[in-house]
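Residues per chain are reported as follows:
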Amino acid sequence: QLVESGGGLVQPGGSLRLSCTASGSIFSINAMGWYRQAPGKQRELVAGITSGGWPNYADSVKGRFTITRDNAKNTVYLQMNSLKPEDTAVYYCNVKTTIIVAGGYFEVWGQGTLVTVSS
């Protein structure tokens, strides 16, 4: 239901752009965001963006990453600049909806895309 693209291998200081498109079967989309999980570490929020376009970032990526969204296309983007080896991780797209389910709101996760920053 979420199609991610844009991961890959890049040298330190380089850039990548991730994209994630929600299929038409996902309704009532609210916030969208990107999380990442490095080997041996917990999944963490990288950046999120509200339905109104307000972004928030992890301190570790502020000033280097930019999250945007295209509501007409149900797509969220993550532009990553000045990449560092510590940015290496699997990046997961997350879409939150306004649909109430047991335990909270229905949300969908992407399959993950690997970003490797290495020389």
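Only a predicted model underlies this, so the values are computations on that prediction, with no experimental measurement involved.

Reading the values: rules and limits
The residue count restarts for each chain, going from 1 along the sequence in the order it is written. In view of the model being predicted, local features appear only for residues whose pLDDT reaches at least 70, and side-chain atom pairs are presented and counted only at 80 or more, with totals across whole chains, interfaces and linings using the full set of residues. Think of the side-chain values as coming from all heavy atoms in the structure, minus any hydrogens and water. Here a cavity means grid points, on a 1 Å grid over the protein atoms only, where a 1.4 Å probe fits yet cannot get out; a pocket means an open set of points with protein on both sides within 12 Å along at least five of seven lines; lining residues are those with an atom within 4 Å of a point. Grid points are joined across faces, edges and corners, and a volume is the space filled by probe spheres set on the points. Put simply, Ala, Val, Leu, Ile, Met, Phe, Trp, Tyr, Cys and Pro go in the nonpolar bin, Asp, Glu, Lys and Arg in the charged bin, and everything else, Gly too, in the polar bin. A run of DSSP states H or I qualifies as a helix once it reaches four residues; a run of E qualifies as a strand once it reaches two. Both are numbered from the N-terminal end. The buried label applies to any residue whose accessible area, calculated with a 1.4 Å probe on protein chains only, is under 20% of its type's maximum; exposed applies above 50%, and partly exposed to all values in between. The contact criterion used throughout is that any non-hydrogen atoms of two residues lie within 4.5 Å. Between N or O atoms, a polar contact is any pair within 3.5 Å; within protein, one atom must be a potential hydrogen donor and the other a potential acceptor, and residues adjacent in sequence are included only when both atoms are from side chains. In this text, buried Ala, Val, Leu, Ile, Met, Phe, Trp, Tyr and Cys residues form a nonpolar core when linked through side-chain atoms within 4.5 Å.

Quick look at the layout of surface pockets
Counted as a void, the largest pocket has a volume near 170 Å³. Around the largest pocket, the lining residues are Arg36, Gln37, Ala38, Lys41, Gln42, Glu44, Ser60, Arg64, Lys84, Glu86 and Asp87. In terms of residue class, the lining of the largest pocket is built from one nonpolar, three polar and seven charged.

Let's talk about the environment of Lys96
Structurally, Lys96 is set in strand E9 (residues 89-101). Judged by relative accessible area, Lys96 falls into the partly exposed class, the value being 31%. C-alpha of Lys96 to C-alpha of Glu107: the two residues are eleven residues apart in sequence and 4.3 Å apart in space. Sequence-distant contacts of Lys96, defined by excluding residues within four places in its chain, comprise Ser28, Ile29, Asn30, Ala31, Tyr35, Phe106 and Glu107. One polar contact links Lys96 to Asn94, side chain to side chain, over a distance of 2.7 Å.

Brief notes about the nonpolar core
In terms of nonpolar packing, the biggest core is built from 28 residues, with Trp34, Leu78, Met80 and Tyr91 touching the most fellow members. Among the elements of the structure, strand E3 (16-22), strand E4 (29-37), strand E5 (44-49), strand E7 (65-70), strand E8 (75-80), E9 and strand E11 (113-117) are those that each provide at least two residues to this core. Not counting residues within four places of it along the chain, the set of residues in contact with Leu78 comprises Leu16, Arg17, Leu18, Trp34, Val46, Ala47, Phe65, Thr66, Ile67 and Tyr91.

As for unusual backbone geometry
Comment: phi is negative for the bulk of residues other than glycine, and the bulk of peptide bonds are trans. In the Ramachandran plot, Asn74 falls in the positive-phi region, its phi being about 50° despite a non-glycine side chain. With respect to the helices, strands and loops of the structure, Asn74 is situated in the loop between E7 and E8. By relative accessible area, which is 26% here, Asn74 ends up partly exposed. Of note in this structure, Ser82 is not a glycine but carries a positive phi near 50°. Here Ser82 lies in the loop between E8 and E9.

A word on the side chain of Thr75
Looking at the element boundaries, Thr75 is found in strand E8. Thr75 sits in the buried class, given a relative accessible area of 3%. At 2.9 Å, the side chain of Thr75 and the side chain of Thr21 are in polar contact. One polar contact links the side chain of Thr75 to the main-chain carbonyl oxygen of Lys73, over a distance of 2.9 Å. Setting aside its immediate chain neighbours within four residues, Thr75 contacts Ser19, Cys20, Thr21, Met32, Thr68, Arg69 and Asp70.

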